[in-house]
Amino acid sequence: EEEEEEEEEEEAFEGFDYVGELSDANMGGDGVPEKLYAMDLGAGSIGQITRMMGGAKNIICVGVNGVAECNDLRKSTSDIISEAVGLHNGSGARLLLVGETLEMMAKATLNDDVGEGLNVTHSCSSVALCSSLLSGIVPEGIKGLSEREPSEDDVMLVEDLAKKYPEEEEEEDDDDEEEEESEEENSDEDSD
């Protein structure tokens, strides 16, 4: 049953298969050995990250770990997303996912059940926008919208707008009447 779930998860977020040799390495204090590349986090790093998230009230995941677009190199991202979602759903931790690939991967992992408080508190595909908002820097376009004086129409009720602009409503009614007349003519022709 667990294997079936993993297969469904992989199918939902199609990545590419790695062609070449992969191996695990203990980094210790020496860093990545020469002529080798670190493409994903290992079990030790994943364990440290998930332990740190354990008591957190706010979790912000920015981007993917390693080359998560590759089927063979997404384990750390999947494991960390799963742990963070479990904390959100279990203990009520607020979870923010940031980055387009991370957002797509989370949606695939969670069968599109992401957003509006479902499995995550928030998600944002733009790292730059989210970073500026979290830093307290409001982008000019958003700042302009929030600081402008509302127009007269902005503060009017829908009913008052309909009274102010009656011709728009009448035009829509005229279009509906024309469509009904056209349908009646067509049905009359069909019955002949």
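This text follows the structure it describes.
Here the structure is a predicted model, which means the values were calculated and not measured.

*Asks:* Please set out a nonpolar patch on the surface residue by residue, giving values where relevant.
*Replies:* Residues Ile60, Val62, Val127 and Leu134 make up a contiguous nonpolar surface patch of about 360 Å² in total accessible area. For the nonpolar patch, the secondary structure elements donating two or more residues are strand 1 (58-62) and helix 5 (127-134). Within the secondary structure layout, Ile60 lies in strand 1.

*Asks:* Hey, could you go over the sheet that holds strand 1 for me, with residue numbers and the actual values?
*Replies:* Spatially, three strands are ordered 1-2-3 in an open sheet, and the strand pairing comes out parallel. Across the chains shown, the open sheet's two edge strands, defined by having one partner strand only, are strand 1 and strand 3 (122-124). On average, each strand axis in the sheet is inclined to that of its neighbour by 10 degrees, with strand direction left out of account. Both strand 2 (residues 94-98) and strand 3 contribute to a ladder of three bridges, which runs parallel. The partner of Leu97 across the bridge, within strand 3, is Ser123. Packed on one face of the sheet, helix 3 (residues 75-91) meets strand 1 and strand 2 and runs near 155 degrees to strand 1.

*Asks:* Now, about the nonpolar core: what can you tell me, with residues and values included?
*Replies:* Proteins that are soluble and globular tend to have nonpolar side chains buried together. If you look at the biggest cluster of nonpolar residues, it comprises 15 residues, and the most contacted ones within it are Met53, Ile59, Cys61, Ala84, Leu95 and Leu97. Elements with a contribution of two residues or more to this core: helix 2 (43-53), strand 1, helix 3, strand 2 and helix 4 (100-109). For Met53, the contacting residues outside a window of four places in its chain are Ile59, Ile80, Glu83, Ala84 and Leu87.

*Asks:* Go over the environment of Asp79 with me, naming the residues and quoting the values.
*Replies:* In this structure, Asp79 sits in helix 3. Residues Asp79 and Ala43, 36 residues apart in the sequence, show an inter-C-alpha distance of 9.7 Å.

*Asks:* Tell me about the pairing of strand 1, residues and numbers included.
*Replies:* Where burial is concerned, the two faces of strand 1 differ: the one with Ile59 and Cys61 is buried and the one with Asn58, Ile60 and Val62 is not. Taken together, strand 1, helix 3 and strand 2 constitute a β-α-β crossover, and its handedness is right-handed.

Scoring rules and cut-offs
- Residues numbered from 1 in each chain as written.
- Predicted model: local features only at pLDDT ≥ 70, side-chain atom pairs only at ≥ 80, totals over all residues.
- Heavy atoms only, no water.
- Patch = residues over 30% accessible without salt bridge, like charges linked within 9 Å, V, L, I, M, F, W, Y side chains within 5 Å.
- Areas by Shrake-Rupley, 256 points an atom, 1.4 Å probe, with all protein chains shown as cover.
- Salt bridge = Lys/Arg side-chain N within 4 Å of Asp/Glu carboxyl O.
- Helix = DSSP H or I, 4+ residues; strand = E, 2+ residues; numbered from the N terminus.
- Pairing = 2+ DSSP bridges.
- Axes fitted to C-alpha atoms, helices over the stretch in contact; angles between N-to-C directions.
- Contact = heavy atoms within 4.5 Å.
- Core = buried A, V, L, I, M, F, W, Y, C linked by side-chain atoms within 4.5 Å.
- Buried < 20%, exposed > 50% of the residue type's maximum accessible area, 1.4 Å probe, protein only.
- Right-handed = clockwise from strand over helix to strand, strands pointing away.

Everything listed is a geometric property; what it means functionally is a separate question.
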